[in-house]
Amino acid sequence: MVKRVVATFISISISLAMLFSLSNCESAREMCRCRKGLNKGEGVYVISPYDEVMKTVARESGIDWRLLSAIARTESEFRADAVSRRGALGLMQIMPHIGEHFGLSAEELADPHNNVRAAAALLEEIHSMIKVPSGVSVENALSLVLASYNGGLGHVADARRLARAHGADMNSWVDVAQYLTLKNEPEYYEQEVVSYGRFVGSRETIAYVRNVMKHYRRYCAIAEPISVDEMVCELPCPIHHADNIL
């Protein structure tokens with residue numbers, strides 16, 4: 001069982017309607033309520049057949065179930081049996097060594113609940129380590145967390161330090177993404193502020209952040225958040241209603 005980590009994410013109140021321009025989402029929401037599972041026996045769901053798994057983990061961790069769903073959509077296309085060429089497993093594509101970090105074997109990661117719980121714990125751990133100031137915009141903070149989830153905490157930390165060293169904003173995803181790309185070049189990855197060397201995966205990581213955010217916006221338009229009253233995690237929760245996102 002993944003050890004529950006007390007939520008330490010930012011809690012920045014900002015209207016999703018303003019951030020994501022969701023004024024025209026009512027028809028999509030009504031259409032979504034009628035969506036059926038693609039395979040026999042899946043039943044009716046809003047985002048995926050794993051809606052209840054996502055909601056269970058959301059109640060435990062405080063992380064928006066729609067964000068967890070957006071990550072699963074990007075990572076595995078909601079395939080619980082997915083295995084990458086590098087050996088990442090399940091809905092959230094958890095590497096076996098990450099599972100071990102949270103006390104889970106590869107066999108246990110095959111269970112969708114455990115897989116999503118490991119992802120939630122990893123997101124919490126990343127957020128606590130990158131220490132984004134409270135005044136940073138929600139979208140920038142989330143993008144930095146997602147980039148670290150995909151590209152590695154060390155490489156994103158290097159890019160943030162490079163941004164600061166060159167007079168850019170280390171808390172702006174646009175600026176950090178630029179230096180993440182430049183970290184493929186010797187004149188940048190050999191600088192003193194860089195600890196993790198060359199990074200060749202910037203294109204993948206930038207696309208990953210863009211895709212998760214795209215799916216998250218769409219899911220926020222068609223699905224309701226769970227209520228604060230349903231939470232079993234210790235407050236403050238990172239994302240606990242429609243006006244708060246990571």
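In case you missed it, the structure is sitting above this.
Residues numbered from 1 in each chain as written. Predicted model: local features only at pLDDT ≥ 70, side-chain atom pairs only at ≥ 80, totals over all residues. Heavy atoms only, no water.

Turning our eyes to something else, we now look at the side chain of E60. With respect to the helices and strands, the residue E60 is situated in helix α3 (residues 51-61). By relative accessible area, which is 17% here, E60 ends up buried. In this structure the side chain of E60 is engaged in a polar contact, spanning 2.9 Å, whose partner is the side chain of R117. (Helix = DSSP H or I, 4+ residues; strand = E, 2+ residues; numbered from the N terminus. Buried < 20%, exposed > 50% of the residue type's maximum accessible area, 1.4 Å probe, protein only. Polar contact = N/O pair within 3.5 Å; in protein donor to acceptor, adjacent residues only side chain to side chain.)

Time to look at helix α10 (residues 173-182). Restricting attention to buried positions, one finds in α10 the residues W173, V176, A177, Y179, L180 and L182. In the core, the buried residues of α10 are packed alongside α8 (138-151), α9 (153-165), α11 (186-189) and α12 (202-222). (Contact = heavy atoms within 4.5 Å.)

As a further point, take the side chain of D64. Mapping D64 onto the fold places it in the loop between α3 and α4 (65-76). Taking relative accessible area as the criterion, D64 reaches 5% and is therefore assigned buried. In terms of polar contacts, D64 uses its side chain to reach the side chain of R66, at 2.8 Å.

Below, the discussion takes up the packing of α8 against α12. The contact between α8 and α12 brings their axes to 9 Å, and the two run at 125°. Between α8 and α12, the interaxial angle falls into the category oblique. Where α8 crosses over α12, the two elements pack in a sense that is right-handed. Within the contact between the two elements, α8 uses E139, L142, S143, L146, A147, Y149, N150 and G151 and α12 uses E204, T205, Y208, V209, V212, M213, Y216 and R217. Partitioning the contact of α8 with α12 into residue classes produces nine nonpolar, four polar and three charged. (Axes fitted to C-alpha atoms, helices over the stretch in contact; angles between N-to-C directions. Parallel < 35°, antiparallel > 145°, perpendicular 65-115°, else oblique. Left-handed = near helix turned anticlockwise from the far one by under 90°. Nonpolar A, V, L, I, M, F, W, Y, C, P; charged D, E, K, R; others polar.)

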